[in-house]
Amino acid sequence: YTSGTTGAPKGVVRPTAGHLVALNWTMRAIYNIGPGEVFWAASDVGWVVGHSYICYGPLIAGITTVVFEGKPIGTPDAGTFWRVIEEHNVRSFFTAPTAFRAIKREDPKGLEIKKYDISCLRALYLAGERADPDTIIWAQDIMGVPVYDHWWQTETSWAITANCAGLGLFPTKYGSAGKPVPGYNVKVLQDDGTECEAGEMGDVVVELPLPPGTFPTLWNADDRYK
């Protein structure tokens, strides 16, 4: 079910084969990780990140996954993430910007990270809501690894835009969630349906057909989906 749904909840249907094909591809192409390595999505297993990247994505690709319950502060301290990364030799880490804003608020100088060795980590990936430039820069400074924002939704089950580390990186642009991922034709349109020029505001749209793994319908609500 989509997060933040009001009124009648929207139950997203997954096409099993397409979902697994897409998630398997993303592990190497987006998260730059392969069989035998350790991936950690610090999220709620009931949310789409949990479905896609705690359960199915890593396991179908032969990657070890970390299941973690709790928050990054007060369990027992703001160094919880760093402890788990060191203990489990995490190579690629995915969480929400909110988690890092909470750590930054509790430990603004990044003192807790100095207690741990996170040299195993290659990159941090953020999604779930906007990753503000201040949080990205702070995380890069204290962790010493690249930080990539990327954008997707419950309905899509995997990224719409990203910096695909496994395919060849683009320079990080603060405030941007990357380029359209292969399979997504993303455009910005004006109210009359014409495409916006660079620098103009408009509606973000994805042209049909959608790529594998994205929702073919809503649960018991075909008409509403259309």
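Here the structure is a predicted model, which means the values were calculated and not measured.

Draft legend 1. Structural context of the packing of helix α4 (residues 97-106) against helix α5 (residues 133-143). Contact geometry for α4 and α5: axes closest at 10 Å, N-to-C directions at 65 degrees. It follows that α4 is roughly perpendicular to α5 by the angle criterion. Handedness of the α4/α5 crossing: left-handed. In this structure, α4 contributes P97, F100, R101, I103 and K104 to the contact, and α5 contributes D134, T135, W138, A139 and M143. Class assignment for the residues of the contact of α4 with α5 results in six nonpolar, one polar and three charged.

Draft legend 2. Structural view of the pairing of strand β4 (residues 123-126). Side-chain alternation along β4 places A123 and Y125 on one buried face and L124 and L126 on a second face that is also buried. Where strand β3 (residues 92-95) and β4 come together, four bridges link them in parallel fashion. Counted as the bridge partner of T95 is L126 from β4. With α4 bridging β3 and its parallel neighbour β4, the resulting β-α-β unit is right-handed. In this sheet, strand β5 (residues 147-149) lies alongside β4 in parallel orientation, the contact comprising three bridges. When the sheet's bridge partners are listed, Y125 is paired in β5 with Y148. Viewed along the sheet, the connection from β4 through α5 into β5 turns out right-handed.

Draft legend 3. A look at the packing of aromatic side chains. Scanning all chains against the criterion turns up 20 aromatic pairs. Centre to centre, the rings of Y31 and Y53 are 5.1 Å apart; their planes meet at 70 degrees, and the pair counts as edge-to-face. With Y31 in the loop between α1 (16-29) and β1 (38-41) and Y53 in helix α2 (residues 48-60), this pair connects stretches of sequence that are 22 residues apart. Judged on exposure class, the residue Y31 and its partner Y53 are both buried. Here F81 and F93 contribute two aromatic rings whose centre-to-centre distance is 5.1 Å and whose plane-to-plane angle is 85 degrees, an arrangement assigned as edge-to-face. Taken together, the residues span a long stretch of sequence, with F81 in helix α3 (residues 80-88) and F93 in strand β3 at a distance of twelve residues. What makes F93 buried here is its relative accessible area of 0%. Three or more aromatic residues joined by ring pairs make a cluster, and in this case those are Y31, F39, Y53, F94, Y125, Y148 and W152. Its guanidinium or amino end placed over the ring of F170, K179 lies 5.0 Å from that ring's centre, counting from NZ or CZ.

Rules used in this analysis
All residue numbers here refer to positions counted from 1 along the written sequence of the relevant chain. A pLDDT threshold of at least 70 governs which residues receive local features in this predicted model, and a stricter bar of 80 or more applies before side-chain atom pairs are shown or counted, although totals over entire chains, interfaces and linings include all residues. Side-chain metrics rest on all non-hydrogen atoms present in the structure, leaving aside hydrogens and water. To get an axis, a line is fitted to the C-alpha atoms, and for a helix only the part in contact is used. The angle between two axes follows their N-to-C directions and goes from 0 to 180 degrees. Each helix is a run of H or I in the DSSP string that is no shorter than four residues. Each strand is a run of E no shorter than two, and both are numbered from the N terminus. To sort the angles, those under 35 degrees are grouped as roughly parallel, those over 145 as roughly antiparallel, those from 65 to 115 as roughly perpendicular, and the leftovers as oblique. Put simply, a crossing is left-handed when the front helix is turned counterclockwise from the back one by less than a right angle, and right-handed when it is turned clockwise. Residues are treated as being in contact if the distance between any of their heavy atoms lies within 4.5 Å. The classification used treats Ala, Val, Leu, Ile, Met, Phe, Trp, Tyr, Cys and Pro as nonpolar, Asp, Glu, Lys and Arg as charged, and all other residues, Gly among them, as polar. Using a 1.4 Å probe on the protein chains alone, a residue whose accessible area is under 20% of its type maximum counts as buried, one over 50% counts as exposed, and one in between counts as partly exposed. What makes two strands pair is DSSP finding at least two bridges between them. By convention a crossover is right-handed if, when the strands point away from the viewer, the path from the first strand over the helix to the second runs clockwise. In summary, the pairing rule links any two rings of Phe, Tyr or Trp, Trp by its six-membered ring, whose centres are within 6.5 Å, and it sorts them by plane angle into stacked for under 30 degrees, edge-to-face for over 60 and tilted for everything else. We call a charge positioned over a ring when the NZ of a Lys or the CZ of an Arg lies within 6 Å of the ring centre and within 35 degrees of the ring normal.

Structural measurements only, silent on function.
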